[in-house]
Amino acid sequence: MIAAARAAGRSLARDFGEVENLQVSKKGPADFVSNADHRAEEIIYNSLTKARPGYGFVMEERGIVEGTDKSNKFIVDPLDGTLNFLHGQPHYAVSIALEREGKLLTGVVYDVAKNEIFWAETGRGAWLENRKLRVAARTKLHEAVVATGTPWHGKAEEKHTHFAREMLAMTPACAGIRRYGSAALDLAYVAAGRFDGFWERGLQPWDIAAGIVLVREAGGTITEIDGGDVMQTGSLLAANEDLHPLIEKQLRHAAAFARKAD
Ligand code: IPD
Ligand code: CA
Ligand code: CA
Ligand code: CA
């Protein structure tokens with residue numbers, strides 16, 4: 001998986017220098033794809049099929065490829081942070097996870113521009129190259145840096161209003177809010193202790209699968225914000241065990257503002 005991520009990263013790095021020559025199309029509101037995404041995905045698919053014939057795939061661009069081996073499935077985002085990439089911003093990643101018997105087993109998130117490989121395997125810890133990762137030890141929310149993402153592009157205004165309320169509840173409560181534009185890296189940064197927490201709603205399995213393994217193996221807590229199944233809704237909150245309930249409380253305040261407003 002690391003070799004596949006590196007190979008895709010080499011292709012992305014070449015295309016990053018040639019952004020103006022890429023063919024870009026729009027899949028939906030604020031949802032773009034280019035031939036860089038497709039090329040990287042092809043490389044990952046070919047490399048992993050060769051290494052593990054028969055495994056299934058869930059890929060952002062190509063979709064589902066059923067494998068003959070029903071127990072193993074790769075979940076692939078060839079380029080997480082497409083918008084950054086297309087705007088020449090060097091913050092984007094390759095994300096590959098392996099799900100075995102319906103459970104996330106392994107995750108690799110490769111930050112191409114910074115050449116950082118974050119990887120984790122259930123029971124073996126989370127690593128940045130050969131450095132073992134641990135979520136931040138901070139316990140005070142007012143000292144914490146918390147990342148988020150702006151969800152619901154093209155969705156009803158009330159969804160945006162809800163996100164605005166969450167920002168209103170979170171911003172004064174913590175030391176800083178960050179929105180860097182790659183959910184896979186946001187989770188990797190929580191695992192590495194660079195972010196104290198991260199929440200975002202409506203993500204896709206390929207955005208979060210590898211990052212979830214990273215955060216869990218780095219000792220973090222991940223839950224679905226409203227109590228559902230993270231891989232179904234893609235709405236998640238990740239932090240260390242002390243900050244998690246504090247951030248959750250602020251997000252609940254946002255829900256309470258909403259009830260008062262109704
Ligand atoms: C996006 C990034 C972004 C998140 C979006 C995702 P993409 O993935 O992870 O941080 O806010 O919701 O769609 O489209 O660049 O692979
Ligand atoms: Ca996308
Ligand atoms: Ca993504
Ligand atoms: Ca993508």
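Residues numbered from 1 in each chain as written. Chains lettered and ligands numbered in written order. Predicted model: local features only at pLDDT ≥ 70, side-chain atom pairs only at ≥ 80, totals over all residues.

A. Layout of unusual backbone geometry. Residues other than glycine seldom take positive phi values, yet Asn115 does so here, at roughly 50°. For Glu129, which is not a glycine, the phi torsion comes out positive at approximately 55°. With respect to the secondary-structure elements, Glu129 resides in the loop between strand S9 (125–128) and strand S10 (131–132). The exposure class assigned to Glu129 is exposed, which follows from the 9 C-beta atoms found within 10 Å. (Helix = DSSP H or I, 4+ residues; strand = E, 2+ residues; numbered from the N terminus. Buried ≥ 20, exposed ≤ 12 C-beta atoms within 10 Å, placed from the backbone.)

B. Summary view of the site of ligand 1. Around ligand 1, the surrounding shell holds 13 residues, and the nearest of these are Asp80, Thr82, Gly149, Ala183 and Asp207. If you list the elements that add at least two residues to the shell around ligand 1, you get strand S5 (69–80) and helix H3 (82–86). Top contributing element to the shell around ligand 1 by residue count: S5, with three residues. For the shell around ligand 1, a count of residues per class yields four nonpolar, five polar and four charged. For the shell around ligand 1, the domains that each give at least three residues are domain 1 (2–132) and domain 2 (141–261). (Near = placed C-beta within 6 Å. Nonpolar A, V, L, I, M, F, W, Y, C, P; charged D, E, K, R; others polar. Domains from an automatic or database assignment.)

C. Quick look at the nonpolar core. Within the largest apolar cluster, 76 residues are counted, with the highest numbers of intra-cluster contacts made by Ile96, Leu187, Ala191 and Leu214. No fewer than three residues from each of domain 1 (2–132) and domain 2 (141–261) sit in this core. The residues contacting Leu214, other than those within four sequence positions of it, are Gly107, Val109, Phe118, Ala120, Ala126, Leu187, Ala188 and Ala191. (Core = buried A, V, L, I, M, F, W, Y, C linked by C-beta atoms within 7 Å. Contact = placed C-beta atoms within 7 Å.)

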